[in-house]
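Chain by chain, the residues:
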Amino acid sequence: MKIWLDGALRDSETARVSVFDHGLTVGDGIFETVKAVDGRPFALTRHLDRLTRSARGLGLPDPDLDEVRRACAAVLEANPVPLGRLRLTYTGGHGPLGSDRGDQGPTLVVALGGTARRPDTTAVVTVPWTRNERGALTGLKTTSYAENVVALARAHEHGATEALFANTVGQLCEGTGSNVFVVLHGEIHTPPLASGCLAGITRALVAEWTGAKETDLPLDVLREADEIFLTSTLRDVQAVHRVDDRELSAAPGPVTAKAMRIFDERSAEDIDP
Ligand code: PLP
């Protein structure tokens, strides 16, 4: 596969990043996952805005967005697939051990993966660990994903594909790589950004297109919600058919099915931004 690294397309088998890259040594990196259909990136401008916000939040130099756009186009052209997800990784770059920052400029890698369409429904578990709604990294899409890896392992142990977190005050927050929506009395609700969740691009579009409300929700809402669904670049809109031991056997319910339909239809239009 051809990937983008250091300003050029390269073979993924031979492309190399420094062993002293701060993304590796201290997790000083950010990323985006961008859906691409028939070689066209979806909502790229929104993703690049978030990439820049994450870079600033982490104190990294602003990414060169012209280069990022060129990289995305080049990777998509070199690896033609009907459906894929571009993975943009941007780190502090090479720097001596113990230094605060890389000293040779940031590293940008653009690769392509995620060619599968996710199933319409899935199982989720809640985990006892919390998202910090007031941390230094809250809302930034950083490569420091170890906590999510641990939570996902818990989900897999229970035959689920996603783990949902509450925040430190017990409110529903988000999944390891998705945002969460619940349907209560026919209305769609999703936790506000103040809950500590990531400002998901899919979340924003689904909220806009369905009129979902941002609401503080206790984690326990998952026991009573009529319907639950997840949103992300990898999942689009995905209904939840089991949360912990609770079966939602009719998933996707009517409100979720409509949200899925609206998302599929509207996102087939070229969304950029
Ligand atoms: N929340 C987290 C922690 C994520 O990592 C992601 C995506 O990777 C999302 C939510 C969903 O965001 P998006 O819809 O932009 O893919």
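Note that the structure is predicted; figures quoted are calculated from it, not measured.

Engineer: Any details on the side chain of Asp21? Residues and values, ideally.
Structural biologist: For Asp21, the location among the structural elements is in the loop between strand 2 (8–11) and helix 1 (22–25). Here Asp21 occupies a buried position and makes no salt bridge, while the nearest side chain of opposite charge, Arg101, is found at 10 Å. Reaching out from Asp21, the side chain makes a polar contact with the side chain of Thr91 at a distance of 2.6 Å. Non-local contacts of Asp21, meaning those with residues more than four positions away in its chain, are made with Thr91, Gly93, His94 and Thr107.

Engineer: Tell me what's going on with the packing of aromatic side chains, and back it up with residues and numbers.
Structural biologist: In total, this model carries four aromatic pairs according to the counting rule given. Aromatic side chains Phe42 and Phe263 sit 6.3 Å apart centroid to centroid with 80° between the ring planes, which places their arrangement in the edge-to-face category. On the criterion of sequence distance, the pair formed by Phe42 in the loop between strand 4 (40–41) and helix 2 (44–58) and Phe263 in helix 7 (residues 254–268) is long-range, its members being 221 residues apart. Overall, Phe42 belongs to the buried group, its relative accessible area being 11%. Clustering of aromatic rings is evident, with ring pairs tying together Phe42, Trp209 and Phe263. Between the NZ or CZ atom of Lys35 and the centre of the ring of Phe42, over which it lies, the distance is 5.9 Å. The ring of Phe31 carries Arg87 above its face, with NZ or CZ at 4.0 Å from the centroid.

Engineer: Quick one: what's the story with the sheet that holds strand 6 (residues 107–113), residue by residue and with numbers?
Structural biologist: On the basis of which strands lie adjacent, the open sheet formed by six strands has the order 2-1-6-5-3-4 and antiparallel pairing. Here the strands that pair on one side only, and so sit at the sheet edges, are strand 2 and strand 4. Of the strand pairs in this sheet, strand 1 (residues 2–5) and strand 6 are connected by two bridges, and their pairing is antiparallel. If you follow Trp4 over to strand 6, its bridge partner there is Val110. Helix-sheet contacts for helix 2 involve strand 3 (29–37), strand 4 and strand 5 (83–91), and the interaxial angle to strand 3 is about 175°.

Engineer: So what's going on with the pattern of salt bridges? Which residues, and what values?
Structural biologist: On inspection of all chains with the given rule, the structure shows 14 salt bridges. Between Glu32 and Arg50 there is a salt bridge, with the nearest N and O atoms lying 2.7 Å from each other. Remark: Arg50 occurs in helix 2 and Glu32 occurs in strand 3; sequence separation between them is 18 residues. Across this residue pair, the class does not change: Glu32 and Arg50 are buried. In this structure, Glu269 engages Arg266 in a salt bridge whose closest nitrogen and oxygen atoms are separated by 3.8 Å.

Engineer: Any chance you could break down the environment of Arg118 for me, citing the residues and the numbers?
Structural biologist: You can see Arg118 is positioned in the loop between strand 6 and strand 7 (121–131). Linking Arg118 and Lys35, residues 83 residues apart in sequence, is a C-alpha distance of 13 Å. Contact partners of Arg118, with chain neighbours within four places excluded, come to Leu234, Arg235 and Gln238.

The rules behind the values
- Along each chain, residues carry numbers from 1 onward, in the same order as the chain's sequence is written.
- Only residues with pLDDT of 70 or above have their local features reported here, since the model is predicted, and side-chain atom pairs are shown and tallied only from 80 upward, although totals for entire chains, interfaces and linings are computed over all residues.
- The side-chain quantities take in all heavy atoms of the structure and omit both hydrogens and water.
- Labels follow the DSSP assignment, with helices taken as runs of H or I lasting at least four residues and strands as runs of E lasting at least two, numbered in each case from the N terminus.
- Burial status follows relative accessibility: with a 1.4 Å probe on protein chains alone, a residue under 20% of its type maximum counts as buried, one over 50% as exposed, and anything between as partly exposed.
- When charges are counted, neither His nor the chain ends are considered; positive counts come from Lys and Arg and negative counts from Asp and Glu.
- Whenever Lys or Arg places a side-chain nitrogen within 4 Å of a carboxyl oxygen from Asp or Glu, that contact is recorded as a salt bridge.
- Under this definition, polar contacts are N or O atom pairs within 3.5 Å; protein pairs additionally need one hydrogen-donor-capable and one acceptor-capable atom, and for neighbouring residues in sequence, both atoms have to be side-chain atoms.
- In what follows, a contact means two residues having at least one pair of non-hydrogen atoms within 4.5 Å.
- Pairing of aromatic rings covers Phe, Tyr and Trp, the last counted by its six-membered ring, and requires centre-to-centre distances within 6.5 Å; plane angles under 30 degrees mean stacked, over 60 mean edge-to-face, and any other angle means tilted.
- Criterion for a charge above a ring: Arg CZ or Lys NZ at most 6 Å from the ring centre, at most 35 degrees from the ring normal.
- Being paired, for any two strands, means DSSP has found at least two bridges between them.
- Think of each axis as a best-fit line through the C-alpha atoms, taken over the contacting stretch in the case of a helix, with angles from 0 to 180 degrees between the N-to-C directions.

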